[in-house]
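# Close look at the chain arrangement
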Amino acid sequence: MEAVLKFRKDKSVSIDLSLNLEEEIRKLKKELNAVILAHYYQESEIQDLADFIGDSLQLSQQASKTEAEVIVFAGVHFMAETAKILNPGKQVLLPDLNAGCSLAEGCPAELLKKFRDKYPDHILISYINCTADVKAISDIICTSSNAVKIVNKLKPDQKIIFAPDKNLGKYVMKQTGRDMVLWQGSCIVHETFSERKIIRLKTEHPDALLISHPECEESVLAESDFIGSTSGLLKYVTDSENKKFIVATEPGIIHQMLLKNKDKTFIPAPPENNCSCNECPYMKLNTLEKLYLCMRDRKPELTIEKEILEKAAIPLQRMLDMS
Ligand code: 13P
Ligand code: SF4
């Protein structure tokens, strides 16, 4: 009889090969009374197991209203922190605690505080892609899907510092016609898209529309037919009568685009180098194997110091109320 070669994709962990991980995860979900929340940038096999898939805003809204006892967050650290801030009494599990974010890492709270102190008459709006410490010193949080709306709701003479993403900040300035002081952070994934290669792709596929996330650089956004958060991009391609799209965001979203639009073609926007740097290395630290282990062992668990958690909850709740 032919030998069946069984293997696990994630070789960094060792798990009994005979286990059907999907089944085990479903069983554990019931046992723990857990909800699995997954961001669109997760591996498709994780998305397929999630109770809810969404962008940063939708996931925080979902986290704020869940009745589950345990929240398993298949996303990055700042997202799991957000879920914990909104649910201090619940256990929040993240498959890999090292799943960070270049925006959060490039904006330490001590430095942002010094920066903010230079502008005492400004309020600080922080993009949700930041640490709990940064949220704790912010006045309002926003995501890529509500940033323009939130800035538009503020009094016209209100002075604003926007952190940490300079590209989203510039986009919001353009959309609202307001001036803002920008922290100079960026997303290592969205700044990697090559304008040169995108223009070439557009020439090769004149029937394709270019859709981009506002974390992309200004030059890519200028070429775009539509700009939106991950959920905005998904909605746009689903509502559109066009059949082909060049997608300038993390390609994990294409899984949902294809599930909802079987007759359409999605071309991932290429990075400048011949690398896979259009995939978020932090998001991809979460694997099916680690998802199973974190539920089986109920760790790693996300914890936040009480004082920081209480302070961070204020601007976050402000965002949810304004959304
Ligand atoms: P949204 O989830 O708001 O679209 O942001 C994308 C992102 O980069 C998340 O880290
Ligand atoms: Fe952070 Fe960019 Fe990864 Fe989103 S895609 S988690 S912004 S590094």
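We now turn to the structure provided with this report. Every value quoted in this text rests on a predicted model; they were computed, and no experiment measured them.

## What to know about the packing of helix 3 (residues 56-65) against helix 4 (residues 77-86)
As a packed pair, helix 3 and helix 4 sit with axes 9 Å apart at the nearest point and diverge in direction by 30°. Of the possible angle classes, the one that applies to helix 3 and helix 4 is roughly parallel. The hand of the helix 3/helix 4 crossing is right-handed. On the side of helix 3, the interface is formed by Ser 56, Leu 59, Ser 60, Ala 63 and Ser 64, while helix 4 contributes Met 79, Thr 82, Ala 83 and Leu 86. Of the residues contributing to the contact of helix 3 with helix 4, the split by class is five nonpolar, four polar and no charged.

## Side note on the pattern of salt bridges
The final tally for this structure, using the stated rule, is 16 salt bridges. Between Arg 196 and Glu 272 there is a salt bridge, and its shortest N-O distance comes to 2.8 Å. One end of the pair, Arg 196, is in helix 10 (residues 195-204); the other, Glu 272, is in the loop between strand 12 (265-268) and helix 14 (288-297), with 76 residues separating them in the sequence. Overall, the relative accessible area of 46% leaves Arg 196 in the partly exposed class. Look at Glu 272 and you get partly exposed, because its relative accessible area is 35%. The partner of Asp 207 in a salt bridge is Lys 244, and the shortest N-O contact between them spans 3.5 Å. Residue Asp 207 is located in the loop between helix 10 and strand 9 (208-212), and its partner Lys 244 is located in strand 11 (residues 244-248); the two are separated by 37 residues in the primary sequence. Of the residues examined, Lys 244 reaches a relative accessible area of 19% and is grouped as buried. One connected set of salt bridges, linked through shared partners, spans Lys 113, Arg 116 and Asp 117.

## Notes on unusual backbone geometry
Here the residue pair Ala 163 and Pro 164 is connected by a cis peptide bond, since its omega of -10° sits within 30 degrees of zero. The residue Pro 164 is located in the loop between strand 7 (159-163) and helix 9 (166-176) in this model. Look at the link from Lys 299 to Pro 300: it is a cis peptide, with omega at 5°. Within the secondary structure, Pro 300 is located in the loop between helix 14 and helix 15 (306-322). Here the phi dihedral of Arg 298 falls at roughly 50°; this positive angle occurs in a residue that is not glycine. Looking at where Arg 298 falls in the secondary structure, it is placed in the loop between helix 14 and helix 15.

## Digging into the environment of Asp 165
One can find Asp 165 in the loop between strand 7 and helix 9. Between the C-alpha atom of Asp 165 and that of Ile 46, which follows or precedes it by 119 residues, the distance is 27 Å. Filtering out sequence-adjacent residues up to four positions away, Asp 165 remains in contact with Leu 103, Tyr 127, Trp 183, Gly 185, Ser 186, Cys 187 and Glu 215.

How each quantity is defined
Within each chain, residue numbers correspond to sequence positions counted from 1 in written order. All chains are assigned letters beginning with A, and all ligands numbers beginning with 1, in the order in which they are written. Local features in this predicted model are restricted to residues of pLDDT 70 or higher, and side-chain atom pairs are both shown and tallied only at a pLDDT of 80 or more, whereas totals for entire chains, interfaces and linings draw on every residue. Hydrogens are left out, water is left out, and the side-chain values use all remaining heavy atoms of the structure. Here the axes come from fitting lines to C-alpha atoms, over the contacting stretch only for helices, and the angles between their N-to-C directions go from 0 to 180 degrees. Per the convention used, a helix needs a DSSP run of H or I reaching at least four residues, while a strand needs a run of E reaching at least two, with both numbered from the N terminus. Working rule for angles: under 35 degrees goes down as roughly parallel, over 145 as roughly antiparallel, 65 to 115 as roughly perpendicular, anything else as oblique. In this scheme the handedness of a crossing depends on how the near helix is turned from the far one: anticlockwise by less than a right angle means left-handed, clockwise means right-handed. Pairs of residues are marked as contacts when any of their non-hydrogen atoms sit within 4.5 Å. Residue polarity is assigned by list, with Asp, Glu, Lys and Arg as charged and Ala, Val, Leu, Ile, Met, Phe, Trp, Tyr, Cys and Pro as nonpolar; anything else, Gly included, falls into the polar class. When a carboxyl oxygen of Asp or Glu is within 4 Å of a side-chain nitrogen of Lys or Arg, the pair counts as a salt bridge. Buried means the residue's accessible area, taken with a 1.4 Å probe over protein chains only, is under 20% of the maximum for its type, while exposed means over 50%, and partly exposed covers the values in between.

None of the figures reported here should be taken as evidence of function without further support.
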